Amino acid sequence: TLEDFNPKTGEPFPKEDAKTATALARNLGEMDNIFVLSPQHRALFAAFDRLRLAGIAAGTGRKEGLRNAAPSGAGKTTAAGRYREYVHGLGLHSPGEEPVVIISLDRACTSKRLWGSICDYFGDAYSTRGTEDTLRKRAYMLLQEFGVKILVIDEVQHLAFRSSER
């Protein structure tokens, strides 16, 4: 009957005890770990794989890149993180290597700060010191030292390009 759908407690949800609330919180946390691979994610993973394998084949030669553009909240960062987990799960890298690195840029980031962010990711104590050229060289050295195959630059639109040659 319609009467069965009316709240019995005066609230739209039944009262819960601490045990039920704890179980619910645990289950909600586990739900955050669910990642459903959509067709768009499969295409992105395939593109990442192509770049990673082409980069390995090229050695120190020319590298390629790709752009993953979608509206805010579409899951770009989450997908990149899941790809990193996937590559780590393959177990094809040596201990201490970071085959997939995700760098997130702050607003109005300069190119110097980009290089510093890469250095900072690897724990470089001097990631805020030095010229842009020095930071770039250190970043390249760290990327090579840690065996990075894919560098994801999250929020790249924050990279502020200079109008001068400096």
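Structure: see above.
Computed from a prediction, not measured in an experiment: that's the story for all the values here.

**Details of the overall build of the protein chain**
For step 1, the next point in the chain: Assigned secondary structure in the protein chain consists of five helices and two strands.
For step 2, the next point in the chain: For the protein chain, the α and β elements follow one another from N to C terminus as α-α-α-β-α-α-β.
For step 3, the next point in the chain: By the burial criterion, 25% of the 166 residues in the protein chain qualify as buried.
For step 4, the next point in the chain: Contacts in the protein chain between residues far apart in sequence, at least 24 positions, make up 56% of those at least 6 positions apart.
For step 5, the next point in the chain: Accessible surface, the protein chain as shown: approximately 11,900 Å² in total, 56% of it carbon and sulfur.

**Comments concerning the layout of surface pockets**
For step 1, the next point in the chain: One number sums up the size of the largest pocket: a volume of about 1,400 Å³.
For step 2, the next point in the chain: Glu64, Ile150, Leu151, Val152 and Ile153 are the residues nearest the centre of the largest pocket, which is lined by 44 residues in total.
For step 3, the next point in the chain: Of all the elements in the fold, those that place two or more residues in the lining of the largest pocket are helix H2 (39-58), helix H3 (76-90), helix H4 (111-121), helix H5 (132-145) and strand S2 (150-154).
For step 4, the next point in the chain: At seven residues, the largest contribution of residues to the lining of the largest pocket is made by H2.

**Here we look at H5**
For step 1, the next point in the chain: Under the 1.5 Å per step criterion, the end-to-end length of H5 is 20 Å for 14 residues, consistent within 8% with the ideal 20 Å.
For step 2, the next point in the chain: Buried within H5 are the following residues: Leu135, Ala139, Leu142 and Leu143. Seen from one end, H5 has its buried residues packed into an arc of 100°, which puts them on one side. Facing away from the buried side of H5 by more than 90 degrees, the exposed set consists of Lys137, Gln144 and Glu145.
For step 3, the next point in the chain: For H5, the elements touching its buried residues are H4 and S2.
For step 4, the next point in the chain: Just downstream of H5, Gly147 is the residue with a positive phi angle, here 65°.

Here is what the cut-offs are and how they apply
- The numbering scheme is per chain: residues are counted from 1 as the chain's sequence reads.
- Whole-chain, interface and lining totals are the exception, using all residues; otherwise, since this is a predicted model, local features are given only for residues with pLDDT of at least 70 and side-chain atom pairs are given and counted only at 80 or more.
- Side-chain numbers here rest on the full set of heavy atoms in the structure, without hydrogens or water.
- The helix and strand labels rest on DSSP assignments: H or I over at least four residues marks a helix, E over at least two residues marks a strand, and numbering proceeds from the N terminus.
- Categorising residues by exposure relies on relative accessible area from a 1.4 Å probe, with only protein chains included: less than 20% of the type maximum marks a residue as buried, more than 50% marks it as exposed, and the intermediate range marks it as partly exposed.
- Contact definition: two residues touch when any of their heavy atoms are within 4.5 Å.
- Calculation of accessible area relied on Shrake-Rupley with a 1.4 Å probe; when residues are assessed, cover is drawn exclusively from the protein chains displayed.
- Think of a 1 Å grid over just the protein atoms. A cavity is a set of points where a 1.4 Å probe fits yet cannot get out, a pocket is an open set with protein on both sides within 12 Å along at least five of seven lines, and lining residues have an atom within 4 Å of a point.
- Grid points are joined across faces, edges and corners, and a volume is the space filled by probe spheres set on the points.
- What a helix is expected to span follows from its residue count: subtract one and scale by 1.5 Å.
- Along the arc lie the directions from the helix axis toward the C-beta atoms.

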